[in-house]
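Examining the three-dimensional arrangement
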Amino acid sequence: AICGKSVEKKGLGMDVSESCGDDMMLFLKCACAGLFLQSATRISTTNHGSGHGANRGSNSGRLGPSRGRYKTKVGGEEASIHPTSTLFGRNPAPKSVVYTELLVTKKTYLRGVTQIREEWLVEVAPDFFK
């Protein structure tokens, strides 16, 4: 729907009667447009010596325990990519993703995950991500 709408009508102006072919960027933008409400951004905290212990400050600049943790754009839930995902354990972890399912067990997981560029969210849903 949003992919085929004209740009004037706040769509992406894509010809949805044709395949994306080899243009993966076009496909990923369309996935972003359809799932923008189910987007999450990696939590990027670094340790700057504020921890306790003898090695205080020795991990300065390294990624902290939140590596691979995400915060959903809607609801602010903290979650991790599900271990069955092909993006699980990726180094570096994707900065932004869209997902099809939020699975809550003892931990909260993102399933059906696709990597996106965060700036696409503003492009495909400007009224939502001002």
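What counts as what
Residues numbered from 1 in each chain as written. Predicted model: local features only at pLDDT ≥ 70, side-chain atom pairs only at ≥ 80, totals over all residues. Heavy atoms only, no water. Helix = DSSP H or I, 4+ residues; strand = E, 2+ residues; numbered from the N terminus. Phe/Tyr/Trp six-rings, centres within 6.5 Å; stacked < 30°, edge-to-face > 60°. Buried < 20%, exposed > 50% of the residue type's maximum accessible area, 1.4 Å probe, protein only. pLDDT = per-residue confidence, 0-100. Contact = heavy atoms within 4.5 Å.

The next point concerns unusual backbone geometry. Here the amide bond leading from asparagine 91 into proline 92 is cis, since omega sits at 5 degrees, within 30 degrees of zero. Tracing the chain through its elements places proline 92 in the loop between strand 3 (78-81) and strand 4 (96-98).

This next bit is on the packing of aromatic side chains. The final tally for this structure, using the stated rule, is 3 aromatic pairs. Relative to phenylalanine 129, the ring of phenylalanine 36 lies with its centre 6.2 Å away and its plane at 75 degrees, an arrangement referred to as edge-to-face. Within this pair, whereas phenylalanine 36 is found in the loop between helix 1 (24-35) and strand 1 (39-42), its partner phenylalanine 129 is found in the segment after helix 2 (118-124), the two being separated by 93 residues in sequence. Given a relative accessible area of 13%, phenylalanine 129 falls into the buried group. Plain terms: the ring middles of phenylalanine 128 and phenylalanine 129 are 4.9 Å apart, the flat faces sit at 75 degrees to each other, and that makes the pair edge-to-face. Residue phenylalanine 128 is classed as partly exposed on the basis of its relative accessible area, which comes to 43%. Ring pairing ties together the aromatic residues Phe36, Phe128 and Phe129, which thus form one cluster.

Of the residues in the protein, 71% reach a pLDDT of 70 or more, and the chain-wide mean stands at 80. Low pLDDT, under 50, characterises residues 47-65; the stretch is placed with 17 contacts to residues that sit more than four places away or in other chains.

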